[in-house]
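Each chain is listed here by its residues.
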Amino acid sequence: MSEDERYIEEAIDLAREAVANGNTPFGSLLVVDGTVVRRSTNTTVTEKDITAHPELKLARWAARELDAAELAECTMFTSTEPCEMCAAAIHYAGMDRVVYSVSGASLATVRGDEQHGVPCAEVIERKGGATDVDGPILESEGLDVHRGFDW
């Protein structure tokens, strides 16, 4: 198992934790130089905050707490491809890399949505960003969490 897969598995576990806590199935973590520096789960339901996505919360934290050198080495691992709001925040925070499990297109299919959002890499590219985006990784495992959720 690669290091990326190991961190993606942890992000998927965080998505399960979000569901167990009464929220939607999304989880993310930040890794700097091989060390997990922060974890987050979706809390949109329990906090009654439509912006409480784990990716946005982590991007805000990283922008406040990490210096430029740390951001240049920072990778966000997330259970699902970041939405447009979160992708923009990742770009503005200046993170080096994002790795996700479930693509936005696959999530839309599971949810029965006819359309899905703009891919994370495209949002970052349109903003002129340089953040690398990799995924999907272990998508089948990530989709299991979404398939088990009552959308």
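Residues numbered from 1 in each chain as written. Predicted model: local features only at pLDDT ≥ 70, side-chain atom pairs only at ≥ 80, totals over all residues. Heavy atoms only, no water.

## With respect to a negative patch on the surface
Here comes step 1: On the surface, a cluster of negative charge is made up of Asp33, Glu73, Asp96 and Asp132.
Here comes step 2: The residue Asp96 is located in the loop between α4 (84-93) and β4 (97-102) in this model.
Here comes step 3: Overall, Asp96 belongs to the partly exposed group, its relative accessible area being 31%. (Patch = residues over 30% accessible without salt bridge, like charges linked within 9 Å, V, L, I, M, F, W, Y side chains within 5 Å. Areas by Shrake-Rupley, 256 points an atom, 1.4 Å probe, with all protein chains shown as cover. Salt bridge = Lys/Arg side-chain N within 4 Å of Asp/Glu carboxyl O. Lys, Arg positive; Asp, Glu negative; His and termini not counted. Charge placed at Lys NZ, Arg CZ, Asp CG, Glu CD. Helix = DSSP H or I, 4+ residues; strand = E, 2+ residues; numbered from the N terminus. Buried < 20%, exposed > 50% of the residue type's maximum accessible area, 1.4 Å probe, protein only.)

## Comments concerning the side chain of Thr41
Here comes step 1: With respect to the helices and strands, Thr41 occurs in strand β2 (residues 35-41).
Here comes step 2: Here Thr41 falls in the buried class, since its relative accessible area comes to 12%.
Here comes step 3: If we skip the residues at most four places from it in the chain, Thr41 touches Leu14, Glu17, Ala18, Phe26, Gly27, Ala52, Pro54 and Lys57. (Contact = heavy atoms within 4.5 Å.)

## Some remarks on the packing of helix α1 (residues 3-20) against helix α7 (residues 139-147)
Here comes step 1: At their nearest, the axes of α1 and α7 sit 10 Å apart, and the two run at 0° to each other. For the element pair α1 / α7, the angle class is roughly parallel. The residues of α7 that touch α1, namely those facing Ile12, Ala15 and Arg16, are Glu141, Gly142 and Val145.
Here comes step 2: Across the contact of α1 with α7, the residue classes tally to three nonpolar, one polar and two charged. (Axes fitted to C-alpha atoms, helices over the stretch in contact; angles between N-to-C directions. Parallel < 35°, antiparallel > 145°, perpendicular 65-115°, else oblique. Nonpolar A, V, L, I, M, F, W, Y, C, P; charged D, E, K, R; others polar.)

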